[in-house]
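# A look at the structure
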Amino acid sequence: MKKRMLICHWNMVIGGIETALINMLKRIDPNQFEVDLLLEEKRGDFLEFIPAYVNVFDSASIGLLHGSTKKALLHELKRFRFISAAKVLYYWEKRDLRRFDCFYRKAKHMQYDIAISYSMHSLGLLRFVNDYVEAPIKLVFLHGEPTRDKTDSCKFLMLDREKCLYNYDGIFGVSNGITEKFTSLYPQYADKCQTIYNFMDVERYYERADEFHCVEMTPENVNILSVGRFAQEKNFLIIPYVCEELNRKGINYKWFIIGDGSEREQAQAEIAKRGLQNRLYLLGAKKNPYPYYKACDLYCQTSKSEAYCTTVNEARIFNKPIVSTMFPGITEQLADGQGGIIVEITPRAIAEGIIKIIEMSELDKQNMLKKSAYPNALEENAGNKFFEIIGQKTN
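My aim in this report is to walk through the structure given alongside it, one point at a time. This structure is a prediction, so every number in the text was calculated from the model and none was measured.

### Notes on the pattern of salt bridges
Considering all chains together, one arrives at 18 salt bridges under this definition. Notably, a salt bridge pairs lysine 26 with aspartate 201, separated by 3.5 Å at the nearest N-O pair. You can see lysine 26 sitting in helix 1 (residues 16-27) and its partner aspartate 201 sitting in the loop between strand 11 (193-195) and helix 6 (202-209), a full 175 residues away along the chain. Residue classification places lysine 26 among the partly exposed positions, given a relative accessible area of 35%. A salt bridge links arginine 204 to glutamate 207; the nearest nitrogen and oxygen atoms lie 3.4 Å apart. With arginine 204 and glutamate 207 both in helix 6 and 3 residues apart, the pair spans about one turn of that helix.

As structure tokens, then:
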């Protein structure tokens, strides 16, 4: 008899977490599991990649309201629920979890064998699984570097979330660094914590890399690639300053950034201000970035904070040398620095790392890359480990 599995996530907009979720869904055996995917919002370009055997529905279809405090307030006011609206404001001001009660006004209790909150980022779904889903096994993934410091906007603020974890049986950090950071903050949950690396679909990436040719990348230039959201933690706004360092050194390069987000317009303004229109190109979000990975000469990750960076792994899969800033998980991915160069988060350090790879002999470069091929020993059995855990718990 099939086991019933519920997986909860916010949406399927293009991103590294969503890529890992798609890859995990593809690994689930439909002969063993009946899978429901509950999304806060049923939207995003990655919806088309969800396997056909997964039943997808959104929170509205089960009467589960969601959104920001503003949305909750408007929802109550439009229905003339003035007392409920006042409670939303009161509980938000007090940082009280009861402010989410209005989100669940009509939600029915659901029954499953396994319930997974795929990202701890969504406090609403984290609490929904904790309070409203009946399942003997409840699991949650942590895809960000946790912090309790409200001033650190580049890390994942744990505010209120630890109060929602008491019914969870497993807390999965996606790198050892993230798992260790979480257990140092919340030692009371240490016995529930394990590391499960993100799932990667290597063969599919190779297939998609041949779907088109990247005319933007030409052999007369050193082609640098970065992929991700234009958000504070990705730190893409440092790249124009890195470009200026490369220009001063006379490097012949073109730098391409794939992604979208709140800081893209600011980045475009910096490009114009510094006259980098022929050096730095913003290509927007792409459902298939893999031809660019295949064509580039090196990959650069400028992040201030990451858990276990999907884009770094994608660059490793295409055997590209990597320049990366330091964050949890990167030493696990680059095998103590092999396969790339880990640098400080300054324009000069990033530029020096890029120049070092450019000037490296082909033999030295290939020897470096061999030591960081994907998957390494830490990553090889990650998927099997996840299925062993849920198999043991459901037997």
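### Overview of the environment of glutamate 263
If you trace the backbone, glutamate 263 turns up in the loop between strand 13 (253-258) and helix 8 (264-273). With 237 residues separating them along the chain, glutamate 263 and lysine 26 place their C-alpha atoms 32 Å apart. Glutamate 263 has contacts with Phe230, Ala231, Gln232 and Leu237, leaving out every residue within four places of it along the chain.

### Focus on the side chain of threonine 311
The residue threonine 311 is located in helix 10 (residues 310-317) in this model. Among all residues touching threonine 311, those that are not within four sequence positions of it are Val227, Tyr293, Tyr299 and Gln301.

### Quick word on the packing of aromatic side chains
For the coordinates displayed, the defined rule picks out 21 aromatic pairs. Their ring planes at 45 degrees and their centres at 4.9 Å tell us that tyrosine 118 and phenylalanine 141 sit as a pair that is tilted. Here tyrosine 118 is found in the loop between strand 5 (114-117) and helix 4 (123-132), whereas its partner phenylalanine 141 is found in strand 7 (residues 137-142), with 23 residues between them in sequence. A residue is classified by how much of its surface remains accessible, and phenylalanine 141, at 1% relative accessible area, is buried. Between the aromatic rings of phenylalanine 386 and phenylalanine 387, the centroid separation amounts to 5.1 Å while the plane-to-plane angle is 75 degrees, which identifies the pairing as edge-to-face. Grouped by ring-pair contacts, the aromatic residues Tyr118, Phe141, Phe172, Phe199, Phe386 and Phe387 constitute a single cluster.

### Regarding unusual backbone geometry
Backbone geometry places asparagine 235, a non-glycine residue, at a positive phi of 65 degrees. Looking at the secondary structure, you find asparagine 235 in the loop between strand 12 (222-227) and helix 7 (239-248).

### Re a nonpolar patch on the surface
A cluster of nonpolar side chains, contributed by Leu74, Leu77, Phe80 and Phe82, occupies part of the molecular surface with about 430 Å² of accessible area. Relative to the helices and strands, leucine 77 is located in helix 2 (residues 69-78).

### Section: the packing of helix 7 against helix 12 (residues 347-358)
Closest axis-to-axis distance for the helix 7/helix 12 pair is 8 Å, and the angle between their directions is 55 degrees. Our classification of the angle between helix 7 and helix 12 gives oblique. The hand of the helix 7/helix 12 crossing is right-handed. Contacts between helix 7 and helix 12 involve Tyr241, Val242, Glu245 and Leu246 from the first element and Pro347, Arg348, Ile350, Ala351, Ile354 and Ile355 from the second. Partitioned by chemical class, the residues of the contact of helix 7 with helix 12 number 8 nonpolar, no polar and 2 charged.

### Overview of the environment of asparagine 130
Along the chain, asparagine 130 falls in helix 4. Once the C-alpha coordinates of asparagine 130 and phenylalanine 199 are considered, the two residues, 69 residues apart in sequence, prove to be 24 Å apart.

### Let's talk about the pairing of strand 7
Buried residues dominate strand 7, accounting for 6 of its 6 residues. Pairing geometry for strand 5 and strand 7, over 4 bridges, is parallel. When the sheet's bridge partners are listed, isoleucine 116 is paired in strand 7 with leucine 139. In this structure, strand 7 lies alongside strand 10 (residues 170-173), joined through 4 bridges in parallel fashion.

### Describing the nonpolar core
Within the largest apolar cluster, 66 residues are counted, with the highest numbers of intra-cluster contacts made by Ile7, Met120, Phe182 and Phe386. If you look at the next biggest cluster of nonpolar residues, it comprises 33 residues, including Ile239, Ile251, Leu282 and Ile354.

### Details of the side chain of glutamate 314
Among the structural elements, glutamate 314 can be located in helix 10. Despite its burial, glutamate 314 pairs with no opposite charge; the closest candidate is arginine 208, at 7.7 Å N-O. A polar side-chain atom of glutamate 314 sits 2.7 Å from a polar atom in the side chain of tyrosine 293. In contact with glutamate 314, not counting residues within four places along its chain, are Thr19, Met200, Tyr205, Tyr290 and Tyr293.

Cut-offs used in this document
- Residues numbered from 1 in each chain as written.
- Predicted model: local features only at pLDDT ≥ 70, side-chain atom pairs only at ≥ 80, totals over all residues.
- Heavy atoms only, no water.
- Salt bridge = Lys/Arg side-chain N within 4 Å of Asp/Glu carboxyl O.
- Helix = DSSP H or I, 4+ residues; strand = E, 2+ residues; numbered from the N terminus.
- Buried < 20%, exposed > 50% of the residue type's maximum accessible area, 1.4 Å probe, protein only.
- Contact = heavy atoms within 4.5 Å.
- Phe/Tyr/Trp six-rings, centres within 6.5 Å; stacked < 30°, edge-to-face > 60°.
- Patch = residues over 30% accessible without salt bridge, like charges linked within 9 Å, V, L, I, M, F, W, Y side chains within 5 Å.
- Areas by Shrake-Rupley, 256 points an atom, 1.4 Å probe, with all protein chains shown as cover.
- Axes fitted to C-alpha atoms, helices over the stretch in contact; angles between N-to-C directions.
- Parallel < 35°, antiparallel > 145°, perpendicular 65-115°, else oblique.
- Left-handed = near helix turned anticlockwise from the far one by under 90°.
- Nonpolar A, V, L, I, M, F, W, Y, C, P; charged D, E, K, R; others polar.
- Pairing = 2+ DSSP bridges.
- Core = buried A, V, L, I, M, F, W, Y, C linked by side-chain atoms within 4.5 Å.
- Lys, Arg positive; Asp, Glu negative; His and termini not counted.
- Polar contact = N/O pair within 3.5 Å; in protein donor to acceptor, adjacent residues only side chain to side chain.

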